[in-house]
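Coordinate analysis (summary)
Spelled out, the chains give:
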Amino acid sequence: MSKSAAPPKGVQFLSSLYGPQDLSNDFDVSRETLDALTLYADELAKWQRAKNLVANSTMDDRWRRHFLDSAQLFPFIKARHPGKELQLLDIGSGAGFPGLVLAIMGIGRVDLVESNGRKCVFMNQIARQTDAEATVINERIEHVPAKPIDIITSRACAKVHQLLEWAQPFLSPGIEMWLLKGEGAEEELTQATASWNMTVERFKSQSSPSGVILRLSDIKRK
């Protein structure tokens, strides 16, 4: 079963570089939240020079490529779970996208699973400095013990069928997966549906004209 929907109003593709004030306007974040995200973006730039946390080609436009790309999940998820304190599992968090951005925005508690040690050190520092409700887990997802989860997120980590395999121990009735994907999303879904039944919703990405947000629900292995 497949559904599609329009993205939230207010966010548009820009010809110029996207910045912190654009994100504040688009998502109506508080001054405190914007300050925390700005600290995050500044620290990313400092660490990138020595630690190579993200692709160098994305740094000049990091507010669009990483922060907008992550933040766009917030209104979708909150609209479906108003007033609920959510528990998220972010698979392959990298430098914290999207999970740490969502934690700073107040999505709920987020477990950030990342096997790269230097990226975990960076995320731990940002979580401390911003008081984000986030726990960094320096481990491969296959070795993380299962626990009750409401939402699973992931970006640029693995194909859909692999993410479903990793997510299986955490799957329970009502759980959702929110995945940030590129132009190969449909091919990945075709591969995944050979082994899995699920309801798929697609939303246009706000950060890239070739991107798509996937919401997977009613997930069951065939």
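In this report, the structure presented in the accompanying data block is examined. Just so we're clear, the structure is a prediction, and the values are computed from it rather than from any experiment.

**Details of the overall build of the chain**
- Broken down by element type, the chain carries 8 helices and 8 strands.
- Whereas a compact globule of 222 residues would reach a radius of gyration of roughly 17 Å, the chain reaches 16 Å, a difference of no more than 12%.
- Dimensions of the chain, computed from the C-alpha atoms along their principal axes, are close to 45 × 35 × 35 Å.
- Counting every position in the chain, which comprises 222 residues, the buried fraction comes to 54%.
- Sequence separation of 24 or more characterises 69% of the internal contacts of the chain that already satisfy a separation of 6 or more.
- With an accessible surface of roughly 10400 Å², the chain has 47% of that area assigned to carbon and sulfur atoms.
- Taken together, the 27 basic and 27 acidic charged side chains of the chain have centroids lying 3 Å from each other.

**Concerning the packing of aromatic side chains**
- What the rule picks out here adds up to 9 aromatic pairs.
- On the numbers, 4.8 Å between centres and 35° between planes, the contact of Trp-63 with Phe-67 is tilted. Residue Trp-63 and its partner Phe-67 are both found in helix H3 (residues 62-71); the two are separated by 4 residues, about one turn of the helix. Like Phe-67, Trp-63 is buried.
- Members of the aromatic cluster, connected to one another through ring pairs, are Tyr-40, Trp-47, Trp-63, Phe-67, Phe-97 and Phe-122.

Parameters and conventions
Residues numbered from 1 in each chain as written. Predicted model: local features only at pLDDT ≥ 70, side-chain atom pairs only at ≥ 80, totals over all residues. Heavy atoms only, no water. Helix = DSSP H or I, 4+ residues; strand = E, 2+ residues; numbered from the N terminus. Rg over C-alpha atoms; globule rule 2.2 N^0.38 Å. Buried < 20%, exposed > 50% of the residue type's maximum accessible area, 1.4 Å probe, protein only. Contact = heavy atoms within 4.5 Å. Areas by Shrake-Rupley, 256 points an atom, 1.4 Å probe, with all protein chains shown as cover. Lys, Arg positive; Asp, Glu negative; His and termini not counted. Charge placed at Lys NZ, Arg CZ, Asp CG, Glu CD. Phe/Tyr/Trp six-rings, centres within 6.5 Å; stacked < 30°, edge-to-face > 60°.

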